[in-house]
Amino acid sequence: SIAKAVARVATERGVKPAQVALSWVVNRPGVTSTLFAVESVTQLDDQIAALEIRLSAEELWEIDRWYTPCDVINDHHPQRIPRTPR
């Protein structure tokens, strides 16, 4: 699963899975913003640190292979926004 792939990468790097997940999302083509929330200063520090993580091509592949893109608005909506091709 994608969660297990993120956890494996995080374990290998010695960082938290949430940091790997955030780094992966931020580095996705077509992502123009990322929403996140924090409940403590520690969580904020962790998320800021995630911005410094540069995933390798192999790490990205390990996570990407479990990811199934979906349309922003479903196929039945008149203003459908198609997914960005890879």
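As a reminder, the structure under discussion sits directly above these lines.
Residues numbered from 1 in each chain as written. Predicted model: local features only at pLDDT ≥ 70, side-chain atom pairs only at ≥ 80, totals over all residues. Heavy atoms only, no water.

**Student:** Quick one: what's the story with the pattern of salt bridges, residue by residue and with numbers?
**Tutor:** Pairing is possible between side chains that carry opposite charge, provided their charged atoms lie close to one another. Scanning all chains against the criterion turns up 4 salt bridges. One salt bridge connects Arg8 with Glu62, and the closest N-O pair in it is separated by 2.5 Å. Here Arg8, found in helix H1 (residues 2-13), pairs with Glu62, found in helix H4 (residues 57-64); they are 54 residues apart in sequence, far enough to count as distant. When its relative accessible area of 15% is taken as the criterion, Glu62 is described as buried. Here Asp46 ties to Lys16 by a salt bridge, and the two come within 2.6 Å at their closest N and O atoms. Placement of Asp46 in helix H3 (residues 41-50) and of Lys16 in the loop between H1 and helix H2 (17-26) is noted, with a sequence separation of 30 residues between them. (Salt bridge = Lys/Arg side-chain N within 4 Å of Asp/Glu carboxyl O. Helix = DSSP H or I, 4+ residues; strand = E, 2+ residues; numbered from the N terminus. Buried < 20%, exposed > 50% of the residue type's maximum accessible area, 1.4 Å probe, protein only.)

**Student:** Outline the nonpolar core, listing residues and values.
**Tutor:** Ala5, Val6, Val9, Ala10, Val20, Trp24, Ile53, Leu55 and Ile63 together form the largest nonpolar core, which totals 9 residues. Contributing elements (two or more residues each) for this core: H1 and H2. Examining the composition of this core, we find that 4 residues originate from one element, H1, more than from any other. Look past the residues within four positions of Ile63 in its chain and what remains in contact with it is Ile2, Ala5, Val6, Val9, Val20, Trp24 and Leu55. (Core = buried A, V, L, I, M, F, W, Y, C linked by side-chain atoms within 4.5 Å. Contact = heavy atoms within 4.5 Å.)

These figures come from the coordinates and say nothing about function on their own.
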